[in-house]
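# Residue-level structure breakdown
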Protein chains: 4
Amino acid sequence: VYKVTHPYPEYLEEAVYGLTELHRPEVRKTRLVANPGCFPTGGVLALAPAVREGIIEPYVIVDAKTGISGAGRSADVKYSFSELNDNASPYGLNGHRHLPEFDQELTAVSSIGPVKTVFVPHLVPMTRGILSTCYARLTNGATQAQVDEMYREFYRDEPFVPVVPVAPSTKQTWGSNECHVFPVVNQKAGMLVVISALDNLVKGAAGAGVQNMNVMFGLEETAGLELVPVYP
Amino acid sequence: VYKVTHPYPEYLEEAVYGLTELHRPEVRKTRLVANPGCFPTGGVLALAPAVREGIIEPYVIVDAKTGISGAGRSADVKYSFSELNDNASPYGLNGHRHLPEFDQELTAVSSIGPVKTVFVPHLVPMTRGILSTCYARLTNGATQAQVDEMYREFYRDEPFVPVVPVAPSTKQTWGSNECHVFPVVNQKAGMLVVISALDNLVKGAAGAGVQNMNVMFGLEETAGLELVPVYP
Amino acid sequence: VYKVTHPYPEYLEEAVYGLTELHRPEVRKTRLVANPGCFPTGGVLALAPAVREGIIEPYVIVDAKTGISGAGRSADVKYSFSELNDNASPYGLNGHRHLPEFDQELTAVSSIGPVKTVFVPHLVPMTRGILSTCYARLTNGATQAQVDEMYREFYRDEPFVPVVPVAPSTKQTWGSNECHVFPVVNQKAGMLVVISALDNLVKGAAGAGVQNMNVMFGLEETAGLELVPVYP
Amino acid sequence: VYKVTHPYPEYLEEAVYGLTELHRPEVRKTRLVANPGCFPTGGVLALAPAVREGIIEPYVIVDAKTGISGAGRSADVKYSFSELNDNASPYGLNGHRHLPEFDQELTAVSSIGPVKTVFVPHLVPMTRGILSTCYARLTNGATQAQVDEMYREFYRDEPFVPVVPVAPSTKQTWGSNECHVFPVVNQKAGMLVVISALDNLVKGAAGAGVQNMNVMFGLEETAGLELVPVYP
C-alpha cells in the first residue's frame, strides 16, 4: 500500500498491531509494536463493539473529517493556509493507505465475517482533530438503550475511550489521549451511526505510542497520559 | 417539522418547490416558490441522476460539512468563535428539519420507489460552504465511465451544476451560484459516492431565489448570477 | 532592496509610481506604471492627508496585520495551515522590502520635510486583508473634527477611499477595491492614530493595476472594479 | 473605569497589584491580590526594563493583537464565528478599561517620570493568544547588544519570562504560563520595538492567579504551572 519495500521483513511477523484497546494481551508480550494509523483508531474504536456483537451488516462507511496536522509538516502548496482556510474537501477517493487497517482490524473482532469498509477522509480547516462518522445497517433491530449498554460494557475498563452521552466534538479531546465514542440508532432508517472524536496528534499518534510502551514495560497504562483536554 | 402553524395555509397548494434544476417547468408557471434548504440542494443535486436512472438502492446517506453562516446570524455562545474554531462536531442526530425535503425530492425523481435518507450535518470551522458526501449501494454494477456519462448528460444544459473532473472543494464555489458534483464508483465495495460542493449563502440561499425569480419572470436564468468564485 | 539587478534599467526613469490617488496626473500620461506594494498602499493612504497638511511630526509608525495570501503561493512550511492557524507573529523586524516605498511616497506629499517610517508587519491567521494601524504625534493640537474634515476633503472625489465613520475591519473590504480610512485623535496623548483596511489581493494588488490601466487608457477609473465587498 | 461601585472599598487599600514579576515582595505579604489584566501583562512586561533603565521617552505605544477568548464567553453576534473569521479589527479606540493599568504600572517602575501609554487592541481570528508590539523612542542611543543584555538581566531569575532570541509568536506560548519578550533596536529610526507573546487564558488570566497564590502561600512559584506550550 505504501509502495516501499520493508527494510526488515523478518520483524514483520513478530510485530503486533498496537490498538491497545483491542490487543492489550499481545502488546504486553511483544517487543515490537506497529502503531495504528490515526484514521483507523477513530473508525475501529467506533465500530468494534457493533461488529463484535454482530448487530450490523459487515459493510461499513467511515466518513472522517481531519485537521491539517494529520498531513504531517511538509512544504506543499496544498497544505498552505490560504488554500485550506475556509475550505473543506475530500481526498483519497481512489483508496487511502489506511484502508487495509480498517478491514483487517474490524474483521479480527468480527462475529459477522469479513468486514468491508468504505473510507472517505476530508480536510477541514483546523489544526488538530479527527471526527469520524460511521454508518452501518442494523440487522436485528437493536434499540438505542441496548446499543448504549453494549458500548458502555465494551469500553467499561478503558481509561481512554469514554462512551459519551451527547454528540462529541474534536475540541473536547484537544491535547488529550481520549477517543470519545457516541453511538446513535436511527430507528426509522434501520441504521447505526457512531461518531468518534480524537486528537490525531495524541491518541492518533504519539499518545498511542506511549500507551503501548506503558503496557509493554508493565507500567501504569495511563502514565504520562493523564492529559486534560485544553478548552477552548 | 418547524413547529409553527403556517400563517397562510391556502397558499401551500399553489407553492412550487424551487430546486430549479428539477422543477423548471413548474417554477416557470407559478407565482409562489418555496426556496429549497441549503442542505437538500447539495444532497439532492448529488443523488438525483443516480436515483432517476435507478442504479442505486433507495437508501442513501448524506454526510454534510457546513460552514457556520448556515446557522444564521444569531447571538448564541455555541456559534461563538472560540467554541467553533479548531473544532468539528455533528448535530441534528435525532432528526434535522431539512430531512423531509431530501426524501420528498429524491422520491419525486425516483425510478426505484420511495427514497429514504440518513442525513447527518456537521459544523466545521469555516464561514461559508457545504460539502456533501453521499453514499448509496450500486445495484447493477455501473462503471465509473457509465456513471460519469449519466451525470454529464443529466446536467448537460444546466448553467450552475458542473460535473467536475476532480474532487471538488467548497472554496472553488465561494461566492458563486454553482453546485459542483463529482460521482465516484467504489467498485470493490459496490458503492456510489457522490460529492457536491456549494456556497450555502448563494446557491444554498439567495442565489437560488434569484435563479427562480429569473425563471418566473422569463428573464435569462443566469441574470445577476454570473458570479466568479472568489479564490483564495 | 530586492537584491536583483533590474533587467531593463532604461525603463526605470520612465516608470510612474502607481498609487493612483496620489499620482493620477502622472499615471494618465505614462506608458509604464510601477504598481505599489500592498503594505504601502494601506499605510500611505492612511497618513498622506496628515503629512501633506503638516499636522504631525515626520516620524510615523505603521503596524500592519496581514492575511497569509500576501506572502504569495509558495510551498513553504512556514506558510502551512498548522503553523499559522491560531497564531500571530511579527516578521521583517530587520527591515521589510516595502519600507523605502513608505518613506518615498510620504515624503513626496510632505509639507514637513522627509518622513521616516517604522514599519512592522504581522502575520495573522486569515486569508486576505491588511489592517494598518498608524501612529504619529500631533504637532498643532488638531481636534477630531478638524482631522475628520481634512481627511474627508482629501479623499472627497476618490471612488475607492471612503473615510469611514466607525472603526474599519478587513472583512468590510473583502473582494473589493476599497481602502477604508479612519483617523482618530487621541487628545490625551497628543497622538494621531489612523486605521486603514483593504483587501491585499484587490486594492493591494490586481485591483490597483486595473485602476491604473483604466486611467492610462482614458477609461472610466472604476471600470471592472465596481465590486461589492463580500460579507460574511 | 469599569463603571461599577466597588462592593468592598475597604479592601482596596490592602490589595496588591499582582503582576508577580514586578511585585513579588508585596504579593508574598498580602492576603488580597488584584490579578492584572491580560493586555497590561503583555505590555508592561515588554516595556518595564526599558522604562526602569530610562533608555526611552516616557511616551509608549502598545499595539496588541488578541484572540477572541479574551472577550469572555458571551453570546453576542459580534463574537460569532462568521463575523470574526478572516477578519481583523481594532476596538476600544476611545479608551480601553485596561489603559490605567499600563500607566500606573509603568510609572511605578519608571526612572523617567510618569509614563503615558497609547494602547490600541485588535481582534484577530484566533482562539487564544496576545501579541503586543510596543514602540518607544530611544533617548540615549542604546545598541541592540546593550538592550539585549539589559532585558536578559532584568528577567534573569524569572521562570516565566524568557527573553527570546528570535521574533516570538503566540502559538509558542499556547497553553503555557510563559510571556516571551523580544526587544529590537531600530537604529535608523531611533526607536525601540519590543514584542511580547503570551496565552491570555494562562499567563493573562488563571495562570497568573495560580502563580500569585503560590507566592502568597510560600509554595514553589512554578507549582502546577510547568505547562509545556502545545504545538501546533
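Residues numbered from 1 in each chain as written. Chains lettered and ligands numbered in written order. Predicted model: local features only at pLDDT ≥ 70, side-chain atom pairs only at ≥ 80, totals over all residues. Heavy atoms only, no water.

Residues and elements named next belong to chain C. With mixed pairing, the six strands of this open sheet are ordered in space as β4-β5-β3-β6-β8-β7. Looking at the sheet topology across the chains shown, the edges are occupied by β4 (89-90) and β7 (179-186). Bridge count between strand β6 (residues 130-137) and strand β8 (residues 191-198): eight bridges; the pairing is antiparallel. Looking at the pairing, S132 lines up with S196 of β8. Of the strands in this sheet, β7 and β8 are in contact with helix α5 (residues 144-154), which crosses β7 at around 160 degrees. (Pairing = 2+ DSSP bridges. Helix = DSSP H or I, 4+ residues; strand = E, 2+ residues; numbered from the N terminus. Contact = heavy atoms within 4.5 Å. Axes fitted to C-alpha atoms, helices over the stretch in contact; angles between N-to-C directions.)

Okay, the relation of the copies chain D and chain B next. Once chain D is rotated about the relating axis by 180 degrees and shifted along it by 0.0 Å, it coincides with chain B to within an RMSD of 0.0 Å. Both copies of the chain, as the preceding transformation shows, are related through a two-fold rotation axis. Comparing interface residues between copies, 100% of those in chain D also lie at the interface in chain B; the contact surface is shared. (Least-squares fit on C-alpha atoms with pLDDT ≥ 70 in both.)

Turning our eyes to something else, we now look at empty space enclosed by the protein. Taken as a whole and judged by the stated rule, the model has five cavities of 30 Å³ or more. Quantified by volume, the largest cavity comes out at close to 190 Å³. If you go around the largest cavity, you meet 16 residues; those closest to its centre are C:I61, C:R137, C:M191, D:I61 and D:R137. (1 Å grid on protein atoms, 1.4 Å probe; cavity = no way out; pocket = protein on both sides within 12 Å on 5 of 7 lines; lining within 4 Å. Points joined across faces, edges and corners; volume = space filled by probe spheres on them.)

Another aspect to go through is the confidence of the model for chain A. Predicted confidence across chain A gives a mean pLDDT of 94, with 100% of residues reaching 70 or more. In the predicted complex, the global pTM is 0.95; the interface-specific ipTM is 0.95. (pLDDT = per-residue confidence, 0-100.)

Glancing now at the relation of the copies chain C and chain D. Laying chain C over chain D is done by rotating through 180 degrees and shifting 0.0 Å along the axis; what remains is an RMSD of 0.0 Å. When the interface residues of chain C are mapped onto chain D, 100% of them again fall at the interface, so both copies present the same face.

According to the stated counting rule, one finds 19 aromatic pairs over all chains in the structure shown. Joined through ring pairs, the aromatic side chains of A:F39, A:F102 and A:F119 make up one cluster. Directly above the ring of C:Y231 sits C:K171, whose terminal nitrogen or CZ lies 5.9 Å from the centroid. (Phe/Tyr/Trp six-rings, centres within 6.5 Å; stacked < 30°, edge-to-face > 60°. Lys NZ or Arg CZ within 6 Å of the ring centre and 35° of its normal.)

Looking now at the interface of chain C and chain D. Between chain C and chain D, the residue contacts involve 44 residues of the former and 44 residues of the latter. Roughly 3700 Å² of surface becomes buried between chain C and chain D when both sides are summed, with 60% attributable to carbon and sulfur atoms. The three residues of chain C that bury the most area against chain D are C:D86, C:L93 and C:R137, which together make up 16% of that side's buried surface. If you look at where chain C meets chain D, you find four salt bridges. In this structure, the salt-bridge partner of C:R137 is D:E57, at a minimum N-O distance of 2.8 Å. At the boundary of chain C and chain D, one finds 28 residue pairs in polar contact (both at pLDDT 80 or more). When contributions to the side of chain C that touches chain D are tallied by element, the ones reaching two or more residues are β3 (59-66), α3 (81-84), β4, β5 (116-123), β6, β7 and β8 of chain C. Looking at the side of chain C that touches chain D, its residues break down into 24 nonpolar, ten polar and ten charged. (Buried area = accessible area lost by both parts, 1.4 Å probe. Salt bridge = Lys/Arg side-chain N within 4 Å of Asp/Glu carboxyl O. Polar contact = N/O pair within 3.5 Å; in protein donor to acceptor, adjacent residues only side chain to side chain. Nonpolar A, V, L, I, M, F, W, Y, C, P; charged D, E, K, R; others polar.)

What follows is about the packing of helix α2 (residues 38-53) of chain C against α5(C). Residues and elements named next belong to chain C. Axis separation between α2 and α5 bottoms out at 10 Å; the angle between their running directions is 110 degrees. Of the possible angle classes, the one that applies to α2 and α5 is roughly perpendicular. Note on element contacts: α5 touches α2 through M150, Y151 and F154, opposite A46, L47, A48, P49, A50, R52 and E53. Here the contact of α2 with α5 is built from residues that sort into eight nonpolar, no polar and two charged. (Parallel < 35°, antiparallel > 145°, perpendicular 65-115°, else oblique.)

So, on to the layout of surface pockets. Roughly 1000 Å³ of internal volume is contained in the largest pocket. Residue lining of the largest pocket: 44 residues in total, with A:K78, A:P90, A:Y91, A:G92 and A:L123 positioned closest to the centre. Contributions of two or more residues to the lining of the largest pocket are made by α2 (38-53), α3 (81-84), β4 (89-90) and α6 (202-216) of chain A together with α5 (144-154) and β7 (179-186) of chain B. Along the lines of polarity and charge, the residues of the lining of the largest pocket split into 22 nonpolar, 16 polar and six charged.

In this section: the pairing of β3(C). Residues and elements named next belong to chain C. In terms of burial, β3 is largely enclosed, as seven of its eight residues are buried. Here β3 runs beside β5; their pairing, made up of eight bridges, is parallel. Note that in β5 the partner of I61 across the bridge is V118. Sheet topology note: the β3/β6 ladder contains six bridges and is antiparallel. (Buried < 20%, exposed > 50% of the residue type's maximum accessible area, 1.4 Å probe, protein only.)

What follows deals with the state of the cysteines. With the rule as written, the count across this model stands at zero disulfides over all chains. Not part of a disulfide, D:C38 finds its nearest cysteine sulfur in D:C179, a span of 12 Å. (Disulfide = S-S within 2.5 Å.)

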